[in-house]
Amino acid sequence: MAPEEPTKEGSYYSAGVARWARINDVNAVKGEQKVQTFVVAMASPLPKVKIPTGASSAITVIPFAKSVDGYGVDKTQGKFQPTNQLVDFYIDEIKNTDSSNKDTSVNGGRPYYKFRINYEDVEQGADHDMDAIVTYTVKLNSDKTVTVSLSSDYAAGGIVQHMGYIVSGSTADGVYLVVRDSDTGSGSDVNYFLDVPQHVGSALPLTSDRTYTSGSSTATFIPHDPLWYAAKHGGFKDDNNNSVIDSQEDWDEDKDGTPDNYYLVSNPAKLYTELDKAFNEVVKRAASLTMLSLNSRQLTTDTLVYQASFSSSDWSGEVKAMKLTDQAEVKATAWTAASQIKAAGSRDIFTWKMNKVAPATAFTAAGTSFEYANLDDDQKTRLAQAPTFAGPVTTTNQQNLVAYIRGDKANEGPFYRKRDVLLGDIVNSDPAYGGSVDFGYDSLPTSAGGGSSYFSYLYDKRKGAQTLYVGANDGMLHAFDAKTGTERFAFIPDGVIGNLKHLADPTYASNHKFYVDGPLSYSDAYVGGAWKSYLVGTTGAGGRSMFALDVTDVASFSSSKVKWEFTHADLGYTLSRPVVARMANGRWAAITGNGLDSSSGTAKIFIVYLDAALNDAGGWDAGSDYCVLTTDATASNGMGSPAVIMSESGAAEYIYAGDIQGRMWRFNIADSSGNCPTAWKPHEVFKAVNASNKVQPITAAPTVGLAPEEGVMVVFGTGKFSEVNDPTEKATQTLYGVHDLFGSSPKLTRSHLVEQTITRQTTTSFKNTETKSSYTEEIRETSENPVDFASKKGWYLDLVNMTSGSPVQEGERVIAQPQIRWGNVIFTTYVPSDDSCAAGGTSWIFAMDVKTGQRKDPYFDLNHSGSFTNEDNYNGGKKATTAIHYGLGGPPVFVNNGEKTFVLKSDDGNLKPRQTRGQPPLAAWRQIK
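Residues numbered from 1 in each chain as written. Predicted model: local features only at pLDDT ≥ 70, side-chain atom pairs only at ≥ 80, totals over all residues. Heavy atoms only, no water.

Undergrad: What's the story with the state of the cysteines in this structure? I'm lost.
TA: By definition, a disulfide links the sulfur atoms of two cysteine residues through a covalent bond. In this structure the tally under the stated criterion is one disulfide. Between Cys-627 and Cys-676 runs a disulfide, and the two sulfur atoms are separated by 1.9 Å. Its torsion about the S-S bond being 55°, the disulfide of Cys-627 and Cys-676 is classed as right-handed. One end of the pair, Cys-627, is in strand β29 (residues 626-630); the other, Cys-676, is in the loop between β32 (663-668) and β33 (681-687), with 49 residues separating them in the sequence. (Disulfide = S-S within 2.5 Å. Helix = DSSP H or I, 4+ residues; strand = E, 2+ residues; numbered from the N terminus.)

Undergrad: Any chance you could explain the packing of aromatic side chains here in plain terms?
TA: Ring pairs (aromatic) are described by centroid distance and by the angle formed between their planes. In this structure the tally under the stated criterion is 36 aromatic pairs. Relative to Trp-588, the ring of Trp-531 lies with its centre 5.8 Å away and its plane at 70°, an arrangement referred to as edge-to-face. You can see Trp-531 sitting in strand β23 (residues 530-538) and its partner Trp-588 sitting in strand β27 (residues 588-593), a full 57 residues away along the chain. For Trp-531, a relative accessible area of 7% gives the class buried. (Phe/Tyr/Trp six-rings, centres within 6.5 Å; stacked < 30°, edge-to-face > 60°. Buried < 20%, exposed > 50% of the residue type's maximum accessible area, 1.4 Å probe, protein only.)

Undergrad: Help me understand empty space enclosed by the protein, please; the structure alone is not making it clear to me.
TA: The probe, sized like a water molecule, is rolled over the atoms to show the empty space still left. Tallying each qualifying case throughout the model produces four cavities of 30 Å³ or more. In this structure, the largest cavity spans a volume of roughly 160 Å³. Partitioning the lining of the largest cavity into residue classes produces ten nonpolar, three polar and five charged. (1 Å grid on protein atoms, 1.4 Å probe; cavity = no way out; pocket = protein on both sides within 12 Å on 5 of 7 lines; lining within 4 Å. Points joined across faces, edges and corners; volume = space filled by probe spheres on them. Nonpolar A, V, L, I, M, F, W, Y, C, P; charged D, E, K, R; others polar.)

Undergrad: Can you help me understand the sheet that holds strand β30 (residues 639-646) in this one?
TA: Picture the strands of a sheet paired through backbone hydrogen bonds; they go either parallel or antiparallel. In space, the four strands of this open sheet follow the order β30-β31-β32-β33, with antiparallel pairing throughout. At either end of the open sheet lies a strand with only one pairing partner, and these are β30 and β33. Put simply, the sheet's adjacent strands are angled 25° from each other on average, direction ignored. For β30 and strand β31 (residues 652-659), the ladder comprises six bridges, and the chain directions are antiparallel. What sits directly across from Ile-645, in β31, is Tyr-654. (Pairing = 2+ DSSP bridges. Axes fitted to C-alpha atoms, helices over the stretch in contact; angles between N-to-C directions.)

Undergrad: How should unusual backbone geometry be read in this particular structure?
TA: Both trends apply: most residues other than glycine have a negative phi, and most peptide bonds are in trans. Following Val-196, the chain continues to Pro-197 via a peptide bond in cis, the omega torsion being 0°. Along the chain, the position of Pro-197 falls in the loop between β9 (174-180) and β10 (207-212). Phi is positive for Trp-315, close to 55°, though the residue is something other than glycine. Checked against the element boundaries, Trp-315 lands in the loop between β13 (304-311) and β14 (316-324). A positive phi angle, near 65°, is found at Asn-693, a position not held by glycine. With respect to the helices and strands, Asn-693 occurs in the loop between β33 and β34 (703-706). Overall, the relative accessible area of 61% leaves Asn-693 in the exposed class.

Undergrad: Mind showing me how you'd approach the pairing of strand β19 (residues 467-471) here?
TA: A regular strand places its side chains so that they alternate between the two faces of the sheet. For β19, the buried fraction is high: five of the five residues fall into the buried class. The alternating pattern of β19 places Thr-467, Tyr-469 and Gly-471 and Leu-468 and Val-470 on opposite faces, both of which are buried. Relative to β19, strand β18 (residues 432-434) runs antiparallel, the two being bridged by three bridges. Considered in β19, the bridge of Tyr-433 is made with Leu-468. Examined bridge by bridge, β19 and strand β20 (residues 477-481) share five bridges and lie antiparallel to one another. Its bridge partner being in β20, Thr-467 is matched across the sheet by Asp-481. Here β19 hands over to β20 after five residues, with Gly-475 in that stretch at a positive phi of 95°.

Undergrad: Help me out: how do you make sense of helix α6 (residues 452-463) in this one?
TA: Think of an α-helix as 3.6 residues a turn; residues three or four steps apart then line up on the same face. An ideal rise of 1.5 Å per residue puts 16 Å on twelve residues; α6 measures up with 17 Å between its terminal C-alpha atoms. Inspection of α6 places Tyr-454, Tyr-457, Leu-458 and Lys-461 among the buried residues, and these make up the whole buried set. An end-on view of α6 places all buried positions within 105° of arc, on one side of the element. In α6, the exposed residues that point more than 90 degrees away from the buried face are Ser-452, Tyr-459 and Lys-463. Contacts from the buried residues of α6 go to β22 (520-527) and β23. (Expected span 1.5 Å × (residues − 1). Arc of directions from axis to C-beta. Contact = heavy atoms within 4.5 Å.)

Undergrad: So what exactly am I meant to see when it comes to helix α5 (residues 395-406) here?
TA: Taking 1.5 Å of rise per residue, the twelve residues of α5 would be expected to cover 16 Å, and the 17 Å separating its terminal C-alpha atoms lies within 8% of that figure. Residues of α5 that are buried: Asn-397, Gln-398, Leu-401, Val-402, Tyr-404, Ile-405 and Arg-406. Packed against the buried residues of α5 are β16 (349-353), α4 (377-383) and β21 (487-492). Residue Gly-407 follows α5 closely and has a positive phi angle near 120°.

Undergrad: Honestly, the packing of helix α1 (residues 13-23) against helix α2 (residues 226-234) in this entry has me stumped. Any pointers?
TA: For any two helices packed against each other, one specifies the inter-axial angle together with the distance between the axes. Contact pair α1 / α2: the axes reach a minimum separation of 8 Å and the direction vectors enclose 15°. By the angle between their axes, α1 is roughly parallel relative to α2. By crossing handedness, the relation of α1 to α2 is classed as right-handed. Mapping the contact onto sequence places Ser-14, Ala-15, Ala-18, Arg-19 and Arg-22 in α1 and Pro-226, Tyr-229, Ala-230, His-233 and Gly-234 in α2. When the residues that make up the contact of α1 with α2 are grouped by side-chain class, the tally is five nonpolar, three polar and two charged. (Parallel < 35°, antiparallel > 145°, perpendicular 65-115°, else oblique. Left-handed = near helix turned anticlockwise from the far one by under 90°.)

Undergrad: What exactly am I supposed to notice about the nonpolar core here?
TA: With 45 residues, the main nonpolar core has Tyr-469, Leu-477, Phe-489, Leu-549, Trp-564 and Leu-610 as its most contacted residues. In this structure, Val-134, Leu-140, Val-146 and Leu-150 belong to the second largest nonpolar core, which totals 27 residues. (Core = buried A, V, L, I, M, F, W, Y, C linked by side-chain atoms within 4.5 Å.)

Undergrad: When you look at the sheet that holds strand β7 (residues 146-155) in this model, what are you seeing that I'm missing?
TA: One open sheet accounts for five strands, arranged β4-β5-β6-β7-β10; its pairing is antiparallel. On the outer flanks of this sheet lie β4 (85-95) and β10, each paired with one strand and no other. Averaged over all pairs of adjacent strands, the angle between strand axes in this sheet comes to 15°, irrespective of strand direction. As judged from the eight bridges shared by strand β5 (residues 112-120) and strand β6 (residues 132-140), these two strands associate in the antiparallel manner. Its bridge partner lying in β6, Tyr-119 is registered against Ala-132.

Undergrad: Explanation requested: a nonpolar patch on the surface in the structure shown.
TA: Among the surface-exposed residues, Trp-20, Val-26 and Val-35 lie close enough to one another that they form a single nonpolar patch of about 270 Å² accessible area. Within the secondary structure layout, Trp-20 lies in helix α1. (Patch = residues over 30% accessible without salt bridge, like charges linked within 9 Å, V, L, I, M, F, W, Y side chains within 5 Å. Areas by Shrake-Rupley, 256 points an atom, 1.4 Å probe, with all protein chains shown as cover. Salt bridge = Lys/Arg side-chain N within 4 Å of Asp/Glu carboxyl O.)

Undergrad: How do you make sense of the pairing of β16 when you look at a structure like this?
TA: The buried fraction of β16 amounts to five of the five residues, a majority that puts the element mostly inside the structure. Side chains Ile-349, Thr-351 and Lys-353 project from β16 onto one buried face, and the interleaved Phe-350 and Trp-352 project onto a second face that is buried too. Two strands pair when backbone bridges link them, and β16 and strand β17 (residues 366-369) are joined in this way by four bridges, in the antiparallel orientation. Of the residues in β17, the one forming a bridge with Thr-351 is Thr-368.

Undergrad: Please clarify how the side chain of Thr-184 should be interpreted in this entry.
TA: Examined against the element boundaries, Thr-184 turns out to sit in the loop between β9 and β10. A polar contact is formed between the side chain of Thr-184 and the side chain of Asp-181, at a distance of 2.5 Å. Among all residues touching Thr-184, those that are not within four sequence positions of it are Val-160 and Asp-189. (Polar contact = N/O pair within 3.5 Å; in protein donor to acceptor, adjacent residues only side chain to side chain.)

Undergrad: Looking at this model, I keep getting lost on the pattern of salt bridges. Mind explaining?
TA: Two side chains bearing opposite charge may form a pair once their charged atoms approach each other closely. Tallying each qualifying case throughout the model produces 26 salt bridges. We note a salt bridge from Glu-412 to Lys-409, for which the minimum N-O separation is 3.2 Å. Note on Lys-409: relative accessible area 41%, which makes it partly exposed. A salt bridge links Asp-798 to Arg-750, with the nearest nitrogen and oxygen atoms 3.0 Å apart. In this pair, Asp-798 is assigned in strand β39 (residues 794-801) and Arg-750 in the loop between β36 (734-740) and β37 (754-767), connecting sequence segments 48 residues apart. Of the residues examined, Arg-750 reaches a relative accessible area of 14% and is grouped as buried. Linked through salt bridges whose partners overlap, the residues forming this network are Asp-632, Asp-659, Arg-663, Glu-684 and Lys-747.

Structure below.
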């Protein structure tokens, strides 16, 4: 019965304790130990009788009893007297509260309650026998008053008990103890300060009748039990990390008036169901997070940061937009997308079809609305390979499945998996912002659309619709209004149609599949003599295809804007982020690595032209529509994400990309003699193996920056996180900075590089000497070994703590592209979690000199002084701080307010800004120039 019964005194402290633990670190161990409260509340034993006395008025009666004398009870006001527990609550009669119990022969058809309560005379949970039994009658009178009658019928206890009730909503609210227990004689009773009436020298009666009139401004009961408030204040979502509840969505996202983490069990048979809901919500709160995106790198009142997440409990997803202050702090959630998915019949969902209609031999591939009638025969065949849960393969069942995928819930439960949320989990497809983005193409030659042509396009684009794109494992690429979160349209690639049936499987929770899971690229391109905006993406782990959408006028997107979906035997499951670039021949193309599990199993680069079109045989013309750049015949291989380096004229000149076998490749694509010249050849720049001679896979795109002399610095990290066994891989991975001289330079290995080391990992305080405040940060210190480029070709840093006795973060890896800023290369690393209760893992963010791998000047304002001094380094400025704990984060996201630059740091999903040096980065080709 605790904490609500037997006493009210102090029980609401549970909400205060829960709130304190929600916003404070409760344990002085590594990392923040904040507690979220989840409540499964058993039904309250405290009955509450509420009788409406008018359209907006009611009188509430709650039974109440006290033990006032005997066995050491001190009846003096201010002393403790037990509040009696309710052992049994018997309903004799309830009439006229609604149509189900209407009986005009009882109380003239007005509400009538009669019940008996058996009270225990102590609080601590003793024998729970029949210490006192009282019959209550509560009825509404014809004049809208309420009469409460009590009869003390039986007692067998050794303590004097006074019984009654608490009234609220009347003109005479308060506590009324009106009868005594029947085994207390009239001469043995005592006067108690809550008795009504006071009875000095006499006894309380055994019966009582009192009538109450409804009041307009009287006291009311606290409307919820203590655990309801403990759930609200101890489990709210603190997205902006300000430790307060900013809106109802923070604690009641579905707005039903109950905290999302509070589950009331009114029926014991429902306990299993409510516990299941609670555990699912716990798992949902621990959802893994994907990357962040911004609608602007400049902080204004309109700046939003977008964050995608997923819950593995039901494989649902979410995208939310958060407003930032001028100091890059999250101040409020602007919108969430999952709750705004439209009804199935109102959604604009498209797909790509090859029009393979037997026995026709010609193919007219095109985009189409995703409706069963619009699918071609081949798509219907793949859709028809239904598992047994969907019943026999009939046209009706296929139509029902298509309707389900669109969001129709009619067949959920009986046949298909139930969904509380239509938006599927978002794992590898981080949000891509499309809208008023300036790609710097005004510097292109006028013949290529540069100058005023691009400026004019930018002007029109800034007036257009701002959109956020993200791929989800509900089979769709989603386009959301970036300002409101409403879905503009969705696209289902043809490559995932054969697996859509699994989404409806009731056992899907334990048989999860990937669908539109690859990274996305939004870019402008000069195609067909006009500027356009394209979205290019891949199906990632969900299929073997890449698609291109014309999103120039996204507000009027139609099936004709689905430009193509490219497939090839040597295009595998690619988590490579496509790069859209202008090729040396003047055509614009999407460039990607071929990924894993291709037909040949070797590493290749694909270049697919945006204006490509299928031929009449339903195929792609090699050398005209696309180009494949092959490395060698090394098996069990695949190419990761590329980085494209532009010439001063704005044409793609080099491609750098790493493969699963640890090779970093450079492709010279400067030849403009055709669509796929033989001069576009690969050169192996570097072979990555660790100190144990184990190959280090390269999956994230490299970044290329200025070298100390001729050539460029190619900086990249190693590691993989895309296959089933990857999370358990503990081999040492490495950060590399390699000096590439172009030409026919020899293949390099780590023996050609200078080693930098992690010399310390610790938690330390950074003191602000002006405010006298201290800020705790988990940091890393690295070596500052010089690099002599006359004899060495760069540097490397193994992700191993070299200090004896310090923790080693096994399994740390690089799966995100680094950035170059202010002469530093910025890496984020990822450490998968071994803790099933953790949200997927943790990250570190490194800032190192791009040329040497050294860390000299403070990069992070760790003492919050607004400037960069030695106080931002470890041990009072004596040692350089190279890296700080980054929470669970992807690639670093920077934003600038005109004076300061911030990196958004993720702590358990909450964003915390850290001021950094530098201004926003330039485009890669401008850096090289």
